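Structural overview for review
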Amino acid sequence: MFSFLKFLFPSVGPISVEEEMAALARVEGLLSKAGTIAVFSKSYCPFCSRAKGILNGYKAVKPRLQVLELDEMGAEGQAIQDALAKKLGKSRVTVPQIFISGQHIGGCDDLQKAQSTGKLEQMLEDLMKTEAPSS
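Residues numbered from 1 in each chain as written. Predicted model: local features only at pLDDT ≥ 70, side-chain atom pairs only at ≥ 80, totals over all residues. Heavy atoms only, no water.

1. What to know about the overall build of the protein
Within the protein, the secondary structure is distributed over 6 helices and 4 strands. Counting from the amino terminus, the protein carries its helices and strands in the arrangement α-α-β-α-β-α-β-β-α-α. Looking at the 135 residues of the protein, the share that counts as buried comes to 36%. Excluding contacts between residues fewer than 6 apart, the proportion of contacts in the protein whose partners are at least 24 apart in sequence is 68%. When the accessible surface of the protein is totalled, it reaches about 7900 Å², and 55% of it is carbon and sulfur. (Helix = DSSP H or I, 4+ residues; strand = E, 2+ residues; numbered from the N terminus. Buried < 20%, exposed > 50% of the residue type's maximum accessible area, 1.4 Å probe, protein only. Contact = heavy atoms within 4.5 Å. Areas by Shrake-Rupley, 256 points an atom, 1.4 Å probe, with all protein chains shown as cover.)

Shown next, in the form of structure tokens:
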């Protein structure tokens, strides 16, 4: 049982100022790319899986979709999640966190609501009007 808890809550030491700055730069770089859908996720999270499934249901989205699996990135993943919280003005954030062309959508429930109201389709249409980012 304890090994399972270690998987869910890996012990990550304190994050250095350099790591914090690098994580913030990576977040800013990803969010500043026009025509990109950024999903900050964790591989074991059912809400993340659902959100990625929704987005992957739109064929034109796939080349523009950038997914960061924070739990597979070690200390950098935690630093990125902390940087997201700072960017959003919160003390902490959950996953998934979804951005379309730098605009914060929110989490899975927010994405589902946007889909059900037609807002997601409109955002994706607008996204397709921008040039696809280069890898």
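2. Here we look at the side chain of R64
For R64, the location among the structural elements is in the loop between α3 (46-56) and β2 (65-69). Look at R64 and you get buried, because its relative accessible area is 6%. Polar contacts involving the side chain of R64 include one to the main-chain carbonyl oxygen of T130, which spans 2.9 Å. Discounting chain neighbours no more than four positions away, the residues touching R64 are G35, T36, I37, L127, M128, T130, E131, A132 and P133. (Polar contact = N/O pair within 3.5 Å; in protein donor to acceptor, adjacent residues only side chain to side chain.)

3. A few points about the packing of helix α5 (residues 108-117) against helix α6 (residues 119-128)
Orientation of α5 relative to α6, taken along the N-to-C sense of each, is 90 degrees, at an axis distance of 4 Å. One element, α5, and the other, α6, form an angle in the roughly perpendicular class. Seen from α5, the contacting residues are L111, A114, Q115 and T117; seen from α6, they are K119, L120 and E121. Tallied by class, the residues present in the contact of α5 with α6 amount to 3 nonpolar, 2 polar and 2 charged. (Axes fitted to C-alpha atoms, helices over the stretch in contact; angles between N-to-C directions. Parallel < 35°, antiparallel > 145°, perpendicular 65-115°, else oblique. Nonpolar A, V, L, I, M, F, W, Y, C, P; charged D, E, K, R; others polar.)

4. A word on the nonpolar core
One finds V27, F40, L68, L70 and I80 to be the most contacted residues of the largest nonpolar core, which totals 19 residues. Elements that contribute at least two residues to this core include exactly α2 (17-31), β1 (37-41) and α4 (75-88). Among the elements that line this core, the one with the most residues is α4, at 5 residues. What V27 contacts, discounting residues up to four positions off in sequence, is F40, I80, A83, L84 and K87. (Core = buried A, V, L, I, M, F, W, Y, C linked by side-chain atoms within 4.5 Å.)

5. Notes on the sheet that holds strand β4 (residues 103-106)
Strands in a sheet are paired, the pairing made by backbone hydrogen bonds, and the direction either parallel or antiparallel. Taken together, the 4 strands give an open sheet; going across it, the order is β2-β1-β3-β4, and neighbouring strands pair in mixed fashion. Strand pairing shows two members of the sheet lacking a second neighbour, β2 and β4, which therefore form its edges. Adjacent strand axes in the sheet meet at a mean angle of 20 degrees, parallel and antiparallel pairs treated alike. As paired strands, strand β3 (residues 97-100) and β4 are joined by 3 bridges and run antiparallel to one another. Looking at β4, one finds that F99 is bridged to H104. (Pairing = 2+ DSSP bridges.)

6. Details of the state of the cysteines
Following the criterion strictly, the structure yields 0 disulfides and no others. Sulfur of C108: no disulfide; nearest cysteine sulfur belongs to C45 and is 7.9 Å away. Judged by relative accessible area, which is 4%, C108 ranks as buried. (Disulfide = S-S within 2.5 Å.)

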